[in-house]
Amino acid sequence: MNHSNETNVDMLMDVYRELSDKMTKHRVVAFLKHLRKNDLTLNQYSILGFIDQEGPCLPIRLAEYLELKAATITYLVDSLEQRGLVRKTPNPRDGRSHYVQYTDEGRELVRSARSEGDAEIIESFKQLDQDEADMIYVLMKMLRRKLFN
């Protein structure tokens, strides 16, 4: 058997990097378009995304997570509240503070950003015939199992 024609780790890594880079680029471009379309800054989106992951939280948690000053968090939360994307609820343990949680509209904005990032990739997958889709599915599951288990 001719070893120069066999697939080796370097060849696999080249294809993996190229595919990963292109998919990441598509997702990032779609995400940035989503931010512009919805007139959101990255920090505003990060607040919504943090709430989506962690649930309602105190502004101090947002400040720690985003590594921003409390005054900046206040400004960002107020701007999101004015747009109806978050609401403040009193902290039952401390009447001087409040929890920040997103509204239904804020939750939808976060989740639509994720789905919009996938749209172009989904369209690419739709171009596959059934045999190709089945093969790629099996190979991706195998790769996930080998790399991450």
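Residues numbered from 1 in each chain as written. Predicted model: local features only at pLDDT ≥ 70, side-chain atom pairs only at ≥ 80, totals over all residues. Heavy atoms only, no water.

## Focus: the pattern of salt bridges
If the charged atoms of two oppositely charged side chains come close together, the side chains can form a pair.
So, point 1. Tallied over the entire structure, the rule returns eight salt bridges.
So, point 2. Of the charged contacts in the structure, one is a salt bridge between R111 and D52, with a shortest N-O distance of 2.9 Å. Here R111, found in helix α5 (residues 104–126), pairs with D52, found in helix α2 (residues 42–54); they are 59 residues apart in sequence, far enough to count as distant.
So, point 3. Note on R111: relative accessible area 42%, which makes it partly exposed.
So, point 4. Judged by its relative accessible area of 15%, D52 is buried.
So, point 5. Residue D104 pairs with R107 through a salt bridge whose shortest N-O separation is 2.8 Å. Residue D104 and its partner R107 are both found in helix α5; the two are separated by three residues, about one turn of the helix. (Salt bridge = Lys/Arg side-chain N within 4 Å of Asp/Glu carboxyl O. Helix = DSSP H or I, 4+ residues; strand = E, 2+ residues; numbered from the N terminus. Buried < 20%, exposed > 50% of the residue type's maximum accessible area, 1.4 Å probe, protein only.)

## Observations concerning the pairing of strand β1 (residues 86–91)
So, point 1. The sheet contact formed by β1 and strand β2 (residues 94–102) spans six bridges and is antiparallel. Bridging across to β2, K88 finds its partner in V100.
So, point 2. In textbook terms, the turn of a hairpin is the stretch between consecutive antiparallel strands, and for β1 and β2 this stretch comprises two residues. (Pairing = 2+ DSSP bridges.)

## A short note on the nonpolar core
So, point 1. By size, the foremost hydrophobic cluster in this structure holds 22 residues, and its most contacted members are L40, I47, L48, L62 and V86.
So, point 2. At the level of elements, α2, α3 (59–66), α4 (70–82), β2 and α5 are the ones that each hand at least two residues to this core.
So, point 3. When residues of this core are assigned to their parent elements, the largest contribution, five residues, is made by α2.
So, point 4. When neighbours within four sequence positions are excluded, I47 is seen to be in contact with L62, L66, L76, V77 and L80. (Core = buried A, V, L, I, M, F, W, Y, C linked by side-chain atoms within 4.5 Å. Contact = heavy atoms within 4.5 Å.)

## Describing the packing of α2 against α4
So, point 1. Running from N to C, α2 and α4 cross one another at 80°; their axes reach a closest spacing of 10 Å. Between α2 and α4, the interaxial angle falls into the category roughly perpendicular. For the pair α2 and α4, the contacting residues are N43, Q44, I47 and L48 in the first and L76, V77, S79 and L80 in the second.
So, point 2. Looking at side-chain class alone, the contact of α2 with α4 contains five nonpolar, three polar and no charged residues. (Axes fitted to C-alpha atoms, helices over the stretch in contact; angles between N-to-C directions. Parallel < 35°, antiparallel > 145°, perpendicular 65-115°, else oblique. Nonpolar A, V, L, I, M, F, W, Y, C, P; charged D, E, K, R; others polar.)

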